[in-house]
Amino acid sequence: MVWAATVAALLAATPTFVTRGDVTPEAELRREAESSWKALEARYVAEAGGAPAKVPGTVLLERGAALAPERNAQGRPGRVELRQNMPGILDERLRVALRHELAHQFLWWACPQSSEDRLFHEAFAVAVSGELAAWRDAPYQSLSRAASELASAPAVDTPRARRALARLLSETAGFPGALSRRLRQCRDGARWVVPLSIDELAEVEVRAAGPATVVLSRHSGEVLLSEGDVRRALPYGSTLKPFLYAAAAERPVLAPRVGVQEWACGPNLPAKVDGSTALLRSCNGYFMDWEAQGTAPKAFGAWGSVLGAVGLTGTPADMADAIGLRSTLALSPWGMAQAYRLLAEARPDVLALLTDNAARGTLSELPASKALVGVATKTGTVRDAASRPQFGWIAAVDADLVVVAVRPGKMPRHFAQEIPEFLFRARRQAGLEAARVQVLGLVPARDVEAQCPGAGFALEAGTPRAAPSEWTRLEGLTLRGAAVCLGMPWRVRFPSGPAQGRDYAGVFTWSTPPPYRPPPGVPTSPSALKARRGSDFVFRTTRLQYTAGVVAAEDVTLKGEARVALARVIAHNERHSRHAGRPVCDTTHCQAFRGTVRVQRDEAKALGLPPLKWDEWLLFSQGGQEPWKEVRPRADVEGLVGRSLVSLRFEKGRALFILTKTEGDSTFESAGSLPCDLLRSGLKLPSCPRLASFDGPGIIFEGRGRGHGEGLDVEAAKESRLSSDAILQEAYGRERPLPKDDSGS
């Protein structure tokens, strides 16, 4: 009965295969596809322990019109392209190619969290398609040579890389255990933070580790610089001691034990050693004796889940495992950098302590020590049985960057000078400092949801709490501290936004703005009230990422010097907020910002140019000269300027109007004015009008261009052939100081 139910479930989960008649015979092709899919499902159930819960969709099988010569097939979700050499013949080569591509289709359906893991996808496809036998007949290749070939082509998109992959898969009998474990991870719906590695697939370390360095942004989390195999897990030495320090509520003061090797941590050790000294001196004896007292955190305490999420290969059995005295556990440089990024966000006090490392810790009294002033650092050394260094580690964090460097066969003190060099190299890209923006203020906070495709954490009083893997309210993640997504940008959605959400690469916090009251007599729409209030959500990213996001939101078509000019204005305005004492907002009241986009060369160029000379908010608008005509109900206009309107005209950025008023027995006309932009925004007009004419119950407005018409005219900048300096001088250089925001913000 159980087998019958399983078979029924598998049959129900077979997708509909659609053909177009360009690969024949069609009926046989569909039967082959259905049979292959059932075999894939049976393998998945056997290895993962259960069938996928959802129903697959339609898969189109068609002839590949532009396949590369070395490819027999290729695909993307929902579509498989095949090469058929002779019409009407489904030879074994085509059948194998079909099974290979259907394996990818199966994983896209059953395990979407693994979609970016090329090695896992390709290993599964090669293992289940029946092609391994053909690869085994190739000339012998050593395991280390195969690993080297595969490492040089991580996309696994060449015949040499596939041959090397087949060699690794042939190392074990039966279905590879590494793939079985990963398929169970698919079935459990677990996050796919750490991709499948070559060593994991081979079930053994087959490559000598080389130097590796990774640099992350503390703000956006993006990888700014990567050299070597930064995803390879290695023994980590003492580099995780700060996480033990952070996990403890209290730390004892201990007396060093004379003659004990683990207490040999530098000259002039005090008679009593506290936790901070032990951390800076990296005193193994302190941590071992702390465990013996029974008060040390076990398995890194609250930080154990963080380290596990970024790839720590197991749970430490004791303190010797945790502090790397035994090389039983491993972590990749990438994972180490992710963990330190979260530590920097959660525990600035621990980072402040680690900034003393260059003055009185393991990196003191070196030629590089002065260059490391203000940089939080932690070292780690992995030794062999003869106490020779196998790996040296340095983790470093400054105000904007996280650097992790691993060097085989070197002590950390022997390559400390490389850390300032990597910080300098990363900062060749301008705009890596923090930018803050109030986001989603027009949406009720309770309606905003977030999801972390990587490893998400909410911080509560400096303690990390794993965020749910499914969509959850952003408010709940940020009420007690920052929300950080490691390895990927946050996805954020709300009812009126795109269903798939938007990317936000950075850190969210909760910060309630002060109450906003519009100036007396200034008409303000409900939407404008929300914009001028600001938002409860503050988002931090890099200044470059923020600028690129605003440029894309304001005018994605801009190119060249016009784009550079607008980017310079946007970056300038981020430092001159219209919300006193609070970050800039993400609405048109300030500058539109709809999340993270790919940075273009023009934005990078703009951030590398000198700052603008104007010490004020700089207005800009879409501008242009395209004529427009709009009609608005007279009642809506009078709701903004007052009842009994008899005249309305526009001059020098203001709306001038005359109202008929009655007081007692007297009737008279009263003149008034308000900023034209308030009228424009209140009536949702394309730009500040030039003319207004009365037409019964309506008022006809006429104008040109888009926006408030002040400052930088983006459309005019597009048409000009000026440099960004000349464009900005034209826009702002001859103007009198800009008026203060009439909203009072």
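For the structure itself, consult the block above.
All values reported here derive from a predicted model rather than from experimental measurement.

Thresholds, definitions, all that
- Residues numbered from 1 in each chain as written.
- Predicted model: local features only at pLDDT ≥ 70, side-chain atom pairs only at ≥ 80, totals over all residues.
- Heavy atoms only, no water.
- Helix = DSSP H or I, 4+ residues; strand = E, 2+ residues; numbered from the N terminus.
- Buried < 20%, exposed > 50% of the residue type's maximum accessible area, 1.4 Å probe, protein only.
- Contact = heavy atoms within 4.5 Å.
- 1 Å grid on protein atoms, 1.4 Å probe; cavity = no way out; pocket = protein on both sides within 12 Å on 5 of 7 lines; lining within 4 Å.
- Points joined across faces, edges and corners; volume = space filled by probe spheres on them.
- Nonpolar A, V, L, I, M, F, W, Y, C, P; charged D, E, K, R; others polar.
- Salt bridge = Lys/Arg side-chain N within 4 Å of Asp/Glu carboxyl O.
- Disulfide = S-S within 2.5 Å.
- Pairing = 2+ DSSP bridges.

**Student:** Describe the environment of Ala562, listing the residues and the values that go with them.
**Tutor:** Structurally, the position occupied by Ala562 is in helix α22 (residues 560–574). Using a relative accessible area of 6% as the deciding quantity, one classes Ala562 as buried. Excluding residues that lie within four positions of it along the chain, Ala562 makes contacts with Ala717, Lys718 and Ile727.

**Student:** Explain empty space enclosed by the protein residue by residue, including any values.
**Tutor:** In total, this model carries 2 cavities of 30 Å³ or more according to the counting rule given. The space that makes up the largest cavity amounts to roughly 50 Å³. Sorting the residues of the lining of the largest cavity by element identifies β10 (434–439) and α20 (526–533) as the ones contributing at least two each. Its residues placed into classes, the lining of the largest cavity shows 4 nonpolar, 5 polar and 2 charged.

**Student:** Account for the pattern of salt bridges, naming residues and giving values.
**Tutor:** Here the structure, examined in full by the defined rule, presents 40 salt bridges. Members of the salt-bridge network, linked through shared partners, are Glu28, Glu32, Glu92, Arg95 and Arg99.

**Student:** Break down the state of the cysteines for me, citing the residues and quoting the values.
**Tutor:** Per the stated rule, a full pass over the model turns up 4 disulfides. One disulfide in the model links Cys676 with Cys688; its S-S distance is 1.6 Å. Disulfide Cys676-Cys688: torsion about the S-S bond near 110 degrees, hence right-handed. You can see Cys676 sitting in helix α25 (residues 676–683) and its partner Cys688 sitting in the loop between α25 and β26 (691–695), a full 12 residues away along the chain. A residue is classified by how much of its surface remains accessible, and Cys676, at 1% relative accessible area, is buried. Disulfide connectivity for the protein, with bonded cysteines indexed by sequence position, reads 1-2, 3-4, 5-6, 7-8.

**Student:** Give me the pairing of strand β18 (residues 507–510): which residues, what numbers.
**Tutor:** Direction of pairing for strand β15 (residues 483–486) relative to β18: antiparallel, over a ladder of 2 bridges. Within β18, the residue paired with Ala483 across the bridge is Phe508. Pairing analysis gives 4 bridges linking β18 to strand β19 (residues 537–542), with the strands arranged antiparallel. Its bridge partner lying in β19, Trp510 is registered against Phe537.

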